[in-house]
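Notes for the structure review
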Amino acid sequence: MILHFLIRRWPVLFLVGLLAAASACSARRPGLVPPGTSEPDRFLFEKGTASLNAKKWLTAREFFKQVVETYVQSPYRPDSKLGIGDTYLGEGTAEALVLAINEFREFLSYYPTNKRADYAQYKLGVAHFRQMRAAQRDQTETREAVRELQIFVDRYPNSELLPEGRTKLRAARDRLSESDYMVGYFYYRLRYYPGAIDRFRVLLKGDPGYTGRDAVYFYLAESYVKQKRDAEALPLYERLVEEFERSQYLPEAQRRIEELKQAQNKSSGQ
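In short, a report on the structure. Keep in mind that this is a model prediction, so the values were computed, not measured.

Conventions and cut-offs
- Residues numbered from 1 in each chain as written.
- Predicted model: local features only at pLDDT ≥ 70, side-chain atom pairs only at ≥ 80, totals over all residues.
- Heavy atoms only, no water.
- Helix = DSSP H or I, 4+ residues; strand = E, 2+ residues; numbered from the N terminus.
- Buried < 20%, exposed > 50% of the residue type's maximum accessible area, 1.4 Å probe, protein only.
- Areas by Shrake-Rupley, 256 points an atom, 1.4 Å probe, with all protein chains shown as cover.
- Phe/Tyr/Trp six-rings, centres within 6.5 Å; stacked < 30°, edge-to-face > 60°.
- Lys NZ or Arg CZ within 6 Å of the ring centre and 35° of its normal.
- Contact = heavy atoms within 4.5 Å.
- Core = buried A, V, L, I, M, F, W, Y, C linked by side-chain atoms within 4.5 Å.
- Axes fitted to C-alpha atoms, helices over the stretch in contact; angles between N-to-C directions.
- Parallel < 35°, antiparallel > 145°, perpendicular 65-115°, else oblique.
- Left-handed = near helix turned anticlockwise from the far one by under 90°.
- Nonpolar A, V, L, I, M, F, W, Y, C, P; charged D, E, K, R; others polar.

**Remarks on the overall build of the chain**
Looking only at helices and strands, one finds 12 helices and 0 strands in the chain. Split into buried and exposed, the 270 residues of the chain put 41% on the buried side. For the chain, the accessible area works out to roughly 16400 Å², and carbon and sulfur atoms hold 53% of it.

**Topic: the packing of aromatic side chains**
Tallying each qualifying case throughout the model produces 19 aromatic pairs. In textbook terms, an aromatic cluster arises when at least three aromatic residues are bridged by ring pairs, as seen for Tyr 181, Tyr 185, Tyr 188, Tyr 193, Phe 200, Phe 218, Tyr 219, Tyr 237 and Tyr 249. Note that Arg 116 overlies the ring of Tyr 119, its terminal NZ or CZ placed 4.4 Å from the centroid. Above the ring of Phe 129, the side-chain terminus of Lys 168 is found at 5.7 Å from the ring centroid.

**Structural notes on the environment of Gly 85**
Residue position: Gly 85 is located in helix H4 (residues 77–91). The exposure class of Gly 85 is buried, given its relative accessible area of 0%. In this structure, the C-alpha to C-alpha distance between Gly 85 and Ala 100, residues 15 residues apart in sequence, is 4.5 Å. Discounting residues that sit within four places of it in the chain, Gly 85 has contacts with Ala 100, Glu 103 and Phe 104.

**Re the nonpolar core**
One finds Leu 89, Phe 104 and Phe 152 to be the most contacted residues of the largest nonpolar core, which totals 37 residues. If you list the elements that add at least two residues to this core, you get helix H2 (40–53), helix H3 (57–70), H4, helix H5 (94–110), helix H6 (117–129), helix H7 (140–155) and helix H8 (162–189). Considering every element that reaches this core, the biggest residue donor is H6, with 8 residues. Ignoring anything within four residues of it in the chain, the contact list for Leu 89 reads Leu 97, Ala 100, Phe 104, Lys 123, Val 126, Ala 127 and Arg 130.

**Details of the packing of H2 against H3**
At a minimum axis separation of 8 Å, H2 and H3 run at an interaxial angle of 160°. Judged on the interaxial angle alone, H3 and H2 are roughly antiparallel. At the point where H2 passes H3, the crossing takes the left-handed sense. Each of Asp 41, Leu 44, Phe 45, Lys 47, Gly 48, Thr 49, Ser 51 and Leu 52 in H2 lies in contact with H3, whose residues at this interface are Trp 57, Thr 59, Ala 60, Phe 63, Phe 64, Gln 66 and Val 67. Class assignment of the residues belonging to the contact of H2 with H3 gives a composition of 8 nonpolar, 5 polar and 2 charged.

See the structure below:
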């Protein structure tokens, strides 16, 4: 009976043992602050910042956590909280990025009016941005990146990080739109033109700034042509030519414009 209990409880007992060992090691570890230091919170923060700049993520985190956990009234506590998030971003693993998101969210919850709130919001978006998957895969993290970066752009128009935020926001939106485009193109290849038309139209309405919209213009126009809706196709070919100096679809779009205009002239008797 006792043996059966130990076998069932072994994973828990093992974890408790690890935590106890870690606690013992921590207790034996020498203090991070030398005796007699007049501003220990500042000392720890500066050490953490130096380690962060040297990309020593674990060491930096240890210094920053000492500030956050020990000196709750310290003026260096908010920046140390951000520093912890930055160490997780620096590690860049899937697990670390989740922890970074938590740190930046907590910062915004604790210090919503802090002068570096824009930094926290931007980095929150970046943490999601770094988890974005390819266009043909699940886009949950991409949507989160768009949401958080849009909040940053809207809420902090005077931030020095605004250019970087806008660039990443555009890239995240492009990823979402590319995913939608691939669905529309799949319908087009299947010759299911009504489905392609619906998908392409929704894409252009939702993201008119999509950088790959030349392909959307072209295949939406082609879908209209296949449905004998030439009057709706022509403006799309023309927009493609007007908006893009370089595109693999330009020669074919120009040819289509000539064909459709000639057909219009013939039907009008000119």
